[in-house]
Amino acid sequence: MAALGWLTPRRRSATARSVLAGEASAEAARKSSQELEELAHEVAPEGTEPEFPVIGDDKAAAFFDLDNTVMQGAAIFHFGRGLYKRKFFETRDLYRFAWQQAWFRLAGVEDPEHMQDARDSALSIVKGHRVSELMSIGEEIYDEYMAERIWPGTRALAEAHLDAGQKVWLVTAAPVEIATVIARRLGLTGALGTVAESVDGVYTGKLVGEPLHGPAKAEAVRALAAAEGLDLGRCAAYSDSHNDIPMLSLVGHPYAINPDAKLRKHARKLDWRLRDYRTGRKAAKVGIPAAAGVGAVAGGTAAAIALHRRRR
């Protein structure tokens, strides 16, 4: 067992299961974000507002991939470390998890076999556990393993959108529970993530649709934009992976952040903006100053936690 997560890279167009996963994630995100409406964040000093995002454009929003875009490494692997510490699985599973995380950090991309193994193992481990239990544990694990791995530059980009009065969503193949915690702790609007089925608040060991990966991410963004009345041509999306080209292609302002080789090549071909925080390099096409909104973020709304009760 590697960690809690369901990742199955898809190199194809969206299927009915992709659409179901996307719509489920969008519904979960909207339900919980409506519960809390107060957003508190620092306002950029006078004269420092970038031309983009456009201040006060309520038809625009920003969508951020999580792993290697907002945070160094994979969220599900950090979560796995925390679950191991809490005796959710045995030492031999930890060795497998450590190898998968090492591969992810060195290669910078998801390995299909590793992610499939992580998903299958995680589903069997969380089966029978309560959703509330995993949410509570997620809060602790964020402080233990994730907080120090947030890329300051990417966080600044998200804050620039918040300061402009726009909503900001995480979009990740990681479980929606993990994504929810991270979004809330960063002061973001909410999160779209893989939705695990639960009945009466207890995990069944099944997914709703499929992992929110590749085409499913694009479907989730499309569904959320429709529900929120957003104009995708005025929205922005950020990712490190070529797997997210479907999502990036949906919006009018795509950004390649810490891009893998395939995404870098694709972004340059289409004249997308590039930014690399791994070495401090900045590509020629930069839209938002790295210093924008680096100050602390407070408040924010809880993200998607409602739809795991969808099939009660």
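Residues numbered from 1 in each chain as written. Predicted model: local features only at pLDDT ≥ 70, side-chain atom pairs only at ≥ 80, totals over all residues. Heavy atoms only, no water.

### Focus: the overall build of the protein
Cut-off, in case you're wondering: The helix count covers DSSP runs of H or I at least four residues long, the strand count covers runs of E at least two residues long, and both are numbered beginning at the N terminus. Type-normalised accessible area, obtained with a 1.4 Å probe on protein chains alone, sets the label of each residue: buried when under 20%, exposed when over 50%, and partly exposed for intermediate values. In this analysis, two residues are considered to be in contact whenever any of their non-hydrogen atoms come within 4.5 Å of each other. Surface accessibility follows the Shrake-Rupley procedure with a 1.4 Å probe radius. Residue values consider only the protein chains on display as shielding.
A count of helical and extended segments in the protein gives ten helices and ten strands. Among the 312 residues that make up the protein, the fraction classed as buried is 58%. Expressed as a percentage of contacts within the protein between residues at least 6 apart in sequence, the contacts between residues at least 24 apart total 72%. In the structure as shown, the protein presents an accessible area of about 12800 Å², 51% of it carried by carbon and sulfur atoms.

### Regarding the pairing of strand β8 (residues 253-257)
Applied cut-off: A pair of strands is considered paired only if DSSP assigns at least 2 bridges between the two. Crossovers are described as right-handed under a simple rule: with the strands pointing away from the observer, the path leading from the first strand over the helix to the second runs clockwise.
Of all five residues in β8, four are buried; the element is thus mostly enclosed. Here strand β7 (residues 236-239) pairs with β8 via four bridges, running parallel. Looking across to β8, one finds that Y238 is bridged to Y255. Each parallel crossover has a hand, and for β7 linked through helix α9 (residues 245-250) to β8 it is right-handed.

### Focus: the nonpolar core
Here is the rule: To form a nonpolar core, buried Ala, Val, Leu, Ile, Met, Phe, Trp, Tyr and Cys residues must be joined to one another through side-chain atoms within 4.5 Å.
The biggest cluster of nonpolar side chains holds 47 residues, and the ones touching the most others in it are F64, F79, M146, L170, I182, L188 and Y238. Ranked by the residues each element gives to this core, the list is headed by helix α5 (residues 131-146), at eight residues. In this view, I182 contacts L66, A75, Y142, M146 and L170; residues no more than four positions away in its chain are not counted. The next biggest cluster of nonpolar side chains, apart from the first, holds 29 residues, and it includes V171, A220, V221 and A256.

### Observations regarding empty space enclosed by the protein
Stated precisely, the cut-off is as follows: With a 1 Å grid laid over protein atoms only, a set of points is called a cavity when a 1.4 Å probe fits there but cannot get out and a pocket when it is open yet has protein on both sides within 12 Å along at least five of seven lines; lining residues have an atom within 4 Å of a point. Grid points are joined across faces, edges and corners, and a volume is the space filled by probe spheres set on the points.
Applying the stated criterion across every chain yields a total of two cavities of 30 Å³ or more. Here the second largest cavity defines a volume of roughly 50 Å³. In this structure, the second largest cavity is lined by ten residues; those nearest its centre are T154, R155, A158, L186 and L188. If one sorts the elements of the lining of the second largest cavity by residue count, helix α6 (residues 152-163) sits on top with four residues.

### Regarding the environment of A29
For A29, the location among the structural elements is in helix α1 (residues 16-33). Under the relative-accessibility criterion, A29 is labelled buried at 0%. Sequence spacing of A29 and G193 is 164 residues, and the spatial spacing of their C-alpha atoms is 8.4 Å.

### Remarks on the confidence of the model for the protein
Heads up, the rule is: Confidence of the predictor in every single residue is expressed as pLDDT, which spans 0 to 100.
Mean pLDDT over the protein works out to 77, with 68% of the residues at or above the 70 mark. Scored below 50 in pLDDT, residues 1-11 shows 61 contacts in the model against residues more than four places distant or in partner chains. Across residues 280-312 the pLDDT falls below 50, and counting only partners more than four positions away or on other chains, this stretch makes 113 contacts in the model.

### Description of the packing of aromatic side chains
Each aromatic ring pair is described using two quantities: the centre-to-centre distance and the angle formed by the ring planes. Applied cut-off: The pairing test for Phe, Tyr and Trp rings, Trp by its six-membered ring, is centres within 6.5 Å, and the orientation test on the planes gives stacked under 30 degrees, edge-to-face over 60, and tilted for anything in between.
This model, assessed by the stated rule, comprises three aromatic pairs. Taken together, a centroid distance of 6.3 Å and an interplanar angle of 20° make the contact between F52 and Y255 stacked. Placement of the pair is F52 in the loop between β1 (39-41) and β2 (61-64) and Y255 in strand β8, with a sequence separation of 203 residues. By relative accessible area, which is 3% here, Y255 ends up buried. Aromatic side chains F64 and Y238 sit 4.1 Å apart centroid to centroid with 5° between the ring planes, which places their arrangement in the stacked category. Of this pair, F64 sits in strand β2 while Y238 sits in strand β7; the two residues are 174 residues apart in sequence, bridging distant segments of the chain.

### Regarding the pattern of salt bridges
Convention followed: Salt bridge, as used here, is a side-chain nitrogen of Lys or Arg placed within 4 Å of a carboxyl oxygen of Asp or Glu.
Summed over all chains, the structure comprises 15 salt bridges. Two residues, E144 and R86, come together in a salt bridge whose shortest N-O distance is 2.7 Å. Residue E144 is located in helix α5, and its partner R86 is located in the loop between α2 (75-85) and α3 (91-107); the two are separated by 58 residues in the primary sequence. Put simply, R185 and D143 hold a salt bridge, and the shortest N to O gap is 2.3 Å. Of this pair, R185 sits in helix α7 (residues 176-185) while D143 sits in helix α5; the two residues are 42 residues apart in sequence, bridging distant segments of the chain. For R185, a relative accessible area of 30% translates into the label partly exposed. Taking relative accessible area as the criterion, D143 reaches 47% and is therefore assigned partly exposed. Overlapping salt bridges, with partners in common, bring together K85, R86, E140 and E144 in one network.

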